[in-house]
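Chain by chain, the residues:
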Amino acid sequence: MIDDHGHPFARSGGPWNIASIGLFTEEGASADRRRQEVGGKRLWANLIDQRLAAYLKCNVADLPEARNEASANWPTYVRGLLDDANIVESIFDVGGERSSAVSDYFADLTARPVHWLGRIDPIIDNLMEKGADAETIVSEVERYCREAISAGCAGFKTAIAYRTGLAVRADMTIDAAQKSLTEPVPVRRRGKALRDLAFQRALGIAAEGGRPFQVHTGFGDSSLRLSESNPLLLEELLATEEGSSASVVLIHSGYPWTEELGFLALSKPNVFAEVSLINIFTPLKVTERILQLVELVPTDRIIFGTDGHEQPETFWFAAHALHQSWEQVAQELGRVGASASWIEEARHDLFEGNARRLYLD
Ligand SMILES: [Zn+2]
């Protein structure tokens, strides 16, 4: 498969510690203690431990040491996992990078093509921290997007859901943006009008440059306000010229609003429904979620990713969840009478064809 959404991960191996991976991102000693306590109590953590022990041919109790030994040659270990999960090419969210330096590093490490997405949020956060005015921030975001396209990015991503939410207003002016910079809240929560305006402008540039835009929707780590992450909140933006001309990829299946996300992809020809992250953290629901999307959305607009991060096993686990779920999806589609050729074509589109057409052509 082509994995359309992952992150840079560890650059060396070591003992396996499942407690360090998860959605609880608070910092400090009590948060660390909590992470260790709940580490093994999460279903997905138990499943990844069981499967990794089987992969490494060891007992679960011996996993930390067995993984330490197996990962001594890090490139070989990482490539083995990706081969086993049939990930042939990846697209990474590299933050506010301006070049392929990070993705090139991971292409070398994984011995397969790795492409990059430009992120607009860090550009905005950094300039806000420095006290830049609205006009400067918006024009720097525009410059960043143009430079990223020239430097060969596969697309863009925004996590505006984690900042000021997905209810992006389409009527923001520079004056309103400037006023929003004076809100007495932390930078991550500051400047809604500014962030709305910058996102809309960035979408316009992505549309001109023929690059797709990934938008975080649905659940995420514990710093997210989930109520601000419902994909339906994007309807006003998607009705604008920028929002209806750029290719907009709504990621993570919008969990728990998968059908809502499916409706947006069904009703708007430039909107794509992407499945990732749920295949790590809610692995039992993946089959059901894919069926919900396949039932609604044309199959040329559903895309698969992992949202792998921190350790390469998260990519491996998430990709296997997709392959296994697809077998059940295909069985169900066959049972209700879909033709074998339609099912096979859909499989190819979802695992590879759509991502290639959208990001890489
Ligand atoms: Zn991600």
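## Brief notes about the overall build of the chain
Line of reasoning, step 1. Looking only at helices and strands, the chain has 17 helices and eight strands in total.
Line of reasoning, step 2. Here the C-alpha atoms of the chain give a radius of gyration of 20 Å, agreeing with the 21 Å that 2.2 N^0.38 yields for 361 residues.
Line of reasoning, step 3. Across its three principal directions, the C-alpha atoms of the chain cover 60 × 55 × 35 Å.
Line of reasoning, step 4. Counting across all 361 residues of the chain, residues that qualify as buried make up 55%.
Line of reasoning, step 5. In the chain, the share of contacts with a sequence separation of at least 24, taken over all contacts with a separation of at least 6, comes to 77%.
Line of reasoning, step 6. If you sum the accessible surface of the chain, you get close to 14900 Å²; carbon and sulfur atoms cover 49% of it.
Line of reasoning, step 7. Of the charged side chains in the chain, 36 are positive and 52 negative, and the gap between their average positions amounts to 3 Å.

## With respect to the layout of surface pockets
Line of reasoning, step 1. Its volume calculated, the largest pocket comes out at about 490 Å³.
Line of reasoning, step 2. Considering the residues around the largest pocket, the lining is formed by 27 residues, among which His 7, Thr 25, Tyr 162, Asp 221 and His 309 are closest to the centre.
Line of reasoning, step 3. Of the residues contributing to the lining of the largest pocket, the split by class is seven nonpolar, 10 polar and 10 charged.
Line of reasoning, step 4. Taken as a whole, the second largest pocket spans an internal volume of roughly 160 Å³.
Line of reasoning, step 5. If you go around the second largest pocket, the residues you meet are Met 1, Asn 86, His 323, Trp 326, Glu 327, Arg 347, His 348, Phe 351 and Glu 352.
Line of reasoning, step 6. Counting residues per element, the ones that place at least two in the lining of the second largest pocket are helix 16 (312–335) and helix 17 (340–360).

## Here's the deal with unusual backbone geometry
Line of reasoning, step 1. A cis geometry characterises the amide bond from Tyr 255 onward to Pro 256, with omega recorded as 5 degrees.
Line of reasoning, step 2. With respect to the helices and strands, Pro 256 occurs in the loop between strand 6 (248–251) and helix 13 (258–267).
Line of reasoning, step 3. The phi dihedral of Ala 111 is positive, around 55 degrees, even though this residue is not glycine.
Line of reasoning, step 4. Position of Ala 111 among the secondary structure elements: in the loop between helix 5 (101–110) and strand 3 (114–119).
Line of reasoning, step 5. Here Asp 307, not a glycine, exhibits a phi torsion of approximately 65 degrees, which is positive.
Line of reasoning, step 6. Tracing the backbone through its elements, the reader meets Asp 307 in the loop between strand 8 (302–304) and helix 16.
Line of reasoning, step 7. Look at Asp 307 and you get buried, because its relative accessible area is 6%.

## Considering the coordination of the zinc ion
Line of reasoning, step 1. Surrounding the zinc ion are the protein donor atoms His 5 (NE2), His 7 (NE2) and Asp 307 (OD), which sit 2.0 to 2.1 Å from the metal.
Line of reasoning, step 2. Sequence positions of the donors to the zinc ion reduce to the motif H-x1-H-x299-D. Here the residue His 5 occupies a position in strand 1 (residues 2–6), and Asp 307 occupies one in the loop between strand 8 and helix 16, the gap between them amounting to 302 residues.

## What about the sheet that holds strand 2 (residues 89–93)?
Line of reasoning, step 1. What the eight strands build is an open sheet, ordered 1-2-3-4-5-6-7-8; its pairing is parallel. A strand with exactly one partner marks an edge of an open sheet, and here the two such strands are strand 1 and strand 8. Between one strand axis and the next, the sheet turns through 25 degrees on average, direction left out of account.
Line of reasoning, step 2. Taken together, the three bridges between strand 1 and strand 2 define a ladder with parallel strand orientation. By the bridge assignment for strand 2, Gly 6 is matched with Phe 92.
Line of reasoning, step 3. Strands in contact with helix 7 (residues 134–150) are strand 3 and strand 4 (155–158); relative to strand 3, the strand with the most contacts, it is inclined by about 170 degrees.

## Quick look at the packing of helix 7 against helix 10 (residues 192–209)
Line of reasoning, step 1. With their axes 9 Å apart at the nearest point, helix 7 and helix 10 run at an angle of 25 degrees to one another. In terms of their interaxial angle, helix 7 and helix 10 are classed as roughly parallel. Considering only the axes of helix 7 and helix 10, their crossing is right-handed. Contact residues: Ala 134, Ile 137, Val 138, Val 141, Glu 142, Cys 145, Arg 146 and Ile 149 in helix 7; Leu 194, Leu 197, Ala 198, Arg 201, Ala 202, Ile 205, Glu 208 and Gly 209 in helix 10.
Line of reasoning, step 2. In the contact of helix 7 with helix 10, the residues fall into 11 nonpolar, one polar and four charged.

## Considerations on the side chain of Ser 180
Line of reasoning, step 1. Tracing the chain through its elements places Ser 180 in helix 9 (residues 174–180).
Line of reasoning, step 2. A polar contact of 3.3 Å, which involves the side chain of Ser 180, links it to the backbone nitrogen of Leu 194.
Line of reasoning, step 3. Excluding residues that lie within four positions of it along the chain, Ser 180 makes contacts with Arg 190, Gly 191, Lys 192, Ala 193 and Leu 194.

## What about helix 5?
Line of reasoning, step 1. Within the sequence span of helix 5, burial applies to Val 102, Ser 103, Phe 106, Ala 107, Leu 109 and Thr 110. Buried residues of helix 5, viewed axially, fall in a sector of 165 degrees; they line one side.
Line of reasoning, step 2. Of the surrounding elements, those touching the buried residues of helix 5 are helix 4 (74–84), strand 2 and strand 3.
Line of reasoning, step 3. Immediately beyond the C-terminal end of helix 5, within one or two residues, lies Ala 111, with a positive phi of roughly 55 degrees.

## As for a nonpolar patch on the surface
Line of reasoning, step 1. A surface patch of nonpolar side chains, amounting to about 240 Å² of accessible area, comprises Leu 232, Phe 263 and Leu 266.
Line of reasoning, step 2. Its place among the elements puts Leu 266 in helix 13.
Line of reasoning, step 3. Residue Leu 266 is classed as partly exposed on the basis of its relative accessible area of 39%.

## Considerations on the state of the cysteines
Line of reasoning, step 1. All told, the structure shown has zero disulfides when counted by the stated rule.
Line of reasoning, step 2. With no disulfide of its own, Cys 153 lies closest to Cys 145 among cysteine sulfurs, the gap being 8.0 Å.
Line of reasoning, step 3. In this structure Cys 153 comes out as buried when scored by relative accessible area, which is 4%.

Rules and cut-offs
Residues numbered from 1 in each chain as written. Predicted model: local features only at pLDDT ≥ 70, side-chain atom pairs only at ≥ 80, totals over all residues. Heavy atoms only, no water. Helix = DSSP H or I, 4+ residues; strand = E, 2+ residues; numbered from the N terminus. Rg over C-alpha atoms; globule rule 2.2 N^0.38 Å. Buried < 20%, exposed > 50% of the residue type's maximum accessible area, 1.4 Å probe, protein only. Contact = heavy atoms within 4.5 Å. Areas by Shrake-Rupley, 256 points an atom, 1.4 Å probe, with all protein chains shown as cover. Lys, Arg positive; Asp, Glu negative; His and termini not counted. Charge placed at Lys NZ, Arg CZ, Asp CG, Glu CD. 1 Å grid on protein atoms, 1.4 Å probe; cavity = no way out; pocket = protein on both sides within 12 Å on 5 of 7 lines; lining within 4 Å. Points joined across faces, edges and corners; volume = space filled by probe spheres on them. Nonpolar A, V, L, I, M, F, W, Y, C, P; charged D, E, K, R; others polar. Donors = N, O, S within 2.8 Å, 3.2 Å for Na, K, Ca; no water. Pairing = 2+ DSSP bridges. Axes fitted to C-alpha atoms, helices over the stretch in contact; angles between N-to-C directions. Parallel < 35°, antiparallel > 145°, perpendicular 65-115°, else oblique. Left-handed = near helix turned anticlockwise from the far one by under 90°. Polar contact = N/O pair within 3.5 Å; in protein donor to acceptor, adjacent residues only side chain to side chain. Arc of directions from axis to C-beta. Patch = residues over 30% accessible without salt bridge, like charges linked within 9 Å, V, L, I, M, F, W, Y side chains within 5 Å. Salt bridge = Lys/Arg side-chain N within 4 Å of Asp/Glu carboxyl O. Disulfide = S-S within 2.5 Å.

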